[in-house]
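Breakdown of the fold
Listed here are the chains, written in short residue letters.
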Amino acid sequence: MTAAQSKKHYDLSEVLIDEKTLAKRIAELGAEITKDYEGRSIVLIGILKGSIPFIADLMRHIKLDDLEVDYISVSSYGRSTKSSGVVRILKDLDSDIKSKDVIIVEDIIDTGLTLAYLKEYFMGRNPNSLKICTLLDKPSRRKVDIRGDYVGFQVEDRFIVGYGLDVDQRYRNLPFISWIKEE
Ligand code: 5GP
């Protein structure tokens, strides 16, 4: 049996957000950030691995001369589709964000636990400002009071995959957003 054959099968549901719609909204978010931070320098912090396609597309729509990019990796759901609420830092930032204008770039806010933790963690490093940009937002699942300052799309309580979001490390490479039925 090959590695691919031994993996669990998931049924992809319909396309929720297609490539064109994603591209249009991300361009709008980039323009909004460009306007809000005109003349300033910013640091985008991507949360690995889910934010990779989003941050890559978003940064190309932010027309600022002084833009740095850094990444942090935190533990995620792993194989399960339910949040454990436990956040573990697997890879920390490379740069110092003290006195910087920072925007966290996330794939999705679900319970909000990950971002609540990271927000406090980054605030401890004394940035000048800290905002959140998320591609997707699932407000119905929120457990803590966390809001995105820049939000791409609100989604219903479904398990989303594609455009960076995985199940069992798969489907991150889909160019659109879809969802799968949870067992
Ligand atoms: P939170 O801490 O807000 O509950 O969840 C944050 C992280 O959980 C996200 O960055 C993402 O990795 C994962 N997550 C939350 N909802 C979904 C979802 O619908 N699909 C996938 N693939 N991951 C999700």
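Before any of the text, the structure's been laid out above.
The text that follows walks through the structure, step by step, so that each part is easy to find.

How each quantity is defined
Residues numbered from 1 in each chain as written. Predicted model: local features only at pLDDT ≥ 70, side-chain atom pairs only at ≥ 80, totals over all residues. Heavy atoms only, no water. Buried < 20%, exposed > 50% of the residue type's maximum accessible area, 1.4 Å probe, protein only. Helix = DSSP H or I, 4+ residues; strand = E, 2+ residues; numbered from the N terminus. Arc of directions from axis to C-beta. Contact = heavy atoms within 4.5 Å. Pairing = 2+ DSSP bridges. Axes fitted to C-alpha atoms, helices over the stretch in contact; angles between N-to-C directions. Lys, Arg positive; Asp, Glu negative; His and termini not counted. Salt bridge = Lys/Arg side-chain N within 4 Å of Asp/Glu carboxyl O. Parallel < 35°, antiparallel > 145°, perpendicular 65-115°, else oblique. Left-handed = near helix turned anticlockwise from the far one by under 90°. Nonpolar A, V, L, I, M, F, W, Y, C, P; charged D, E, K, R; others polar. Phe/Tyr/Trp six-rings, centres within 6.5 Å; stacked < 30°, edge-to-face > 60°. Lys NZ or Arg CZ within 6 Å of the ring centre and 35° of its normal.

The set of residues buried in helix H4 (residues 113–123) consists of Leu115, Leu118 and Phe122. Down the axis of H4, the smallest arc covering the buried residues is 65°, so these residues share one side. Elements in contact with the buried residues of H4: strand S1 (42–48), strand S2 (67–74), strand S4 (101–109) and strand S5 (129–137).

On to the pairing of S4. With respect to burial, S4 is a largely interior element, nine of its nine residues being buried. Looking at chain direction, S4 and S5 are connected through eight bridges and run parallel. Each bridged residue has a counterpart across the sheet, and for isoleucine 108 the counterpart in S5 is leucine 136.

Ordered in space as S3-S2-S1-S4-S5-S6, the six strands form an open sheet in which the pairing is mixed. A strand with exactly one partner marks an edge of an open sheet, and here the two such strands are strand S3 (89–91) and strand S6 (150–154). When the angles between neighbouring strand axes are averaged without regard to direction, this sheet yields 30°. Across four bridges, S5 lies against S6 in parallel orientation. Within S6, the position partnered with cysteine 133 by the bridge is tyrosine 150. Across the face of the sheet, helix H2 (residues 19–36) comes into contact with S1, S4, S5 and S6 while running at roughly 160° to S6.

Moving on: the side chain of glutamate 106. As for its position among the elements, glutamate 106 is in strand S4. Buried and unpaired, glutamate 106 has arginine 172 as its nearest opposite-charge partner, separated by 9.0 Å. In contact with glutamate 106, not counting residues within four places along its chain, are Ile47, Ser51, Phe54, Thr114, Leu115, Cys133, Thr134 and Leu135.

This part covers helix H3 (residues 52–59). Taken residue by residue, H3 has Phe54, Ile55 and Leu58 as its buried positions. Buried residues in H3, looked at end-on, bunch into an arc of 90°, giving them a common side. The inward-facing, buried residues of H3 abut H2, S1, S2, S4 and S5.

Under the definition given, this model contains 14 salt bridges. Among the ionic pairs, aspartate 110 bridges to lysine 138, the shortest N-O distance being 3.5 Å. With a gap of 28 residues between them, aspartate 110 in the loop between S4 and H4 and lysine 138 in the loop between S5 and S6 connect regions that are remote in the sequence. Residues aspartate 110 and lysine 138 agree in their burial class; the two are buried.

At their nearest, the axes of H2 and H3 sit 9 Å apart, and the two run at 55° to each other. Taken together, the axes of H2 and H3 are oblique relative to one another. Of the two elements, H2 crosses H3, and the hand of that crossing is right-handed. Here Ile26, Leu29, Gly30 and Ile33 of H2 come into contact with H3, specifically with Phe54, Asp57 and Leu58. Of the residues assigned to the contact of H2 with H3, the class counts are five nonpolar, one polar and one charged.

On to the packing of aromatic side chains. The final tally for this structure, using the stated rule, is two aromatic pairs. Relative to tyrosine 121, the ring of tyrosine 117 lies with its centre 6.2 Å away and its plane at 15°, an arrangement referred to as stacked. Here tyrosine 121 and tyrosine 117 lie together in helix H4, a separation of four residues that amounts to about one turn. Residue classification places tyrosine 117 among the partly exposed positions, given a relative accessible area of 38%. For the pair tyrosine 121 and phenylalanine 122, a centre-to-centre distance of 5.9 Å together with 55° between the ring planes defines the contact as tilted. By relative accessible area, which is 23% here, tyrosine 121 ends up partly exposed. Judged by relative accessible area, which is 0%, phenylalanine 122 ranks as buried. Here the aromatic residues Tyr117, Tyr121 and Phe122 are joined through ring pairs into a cluster of three or more. Taking the ring centre of tyrosine 171 as reference, the NZ or CZ of arginine 170 above it sits at 5.2 Å.

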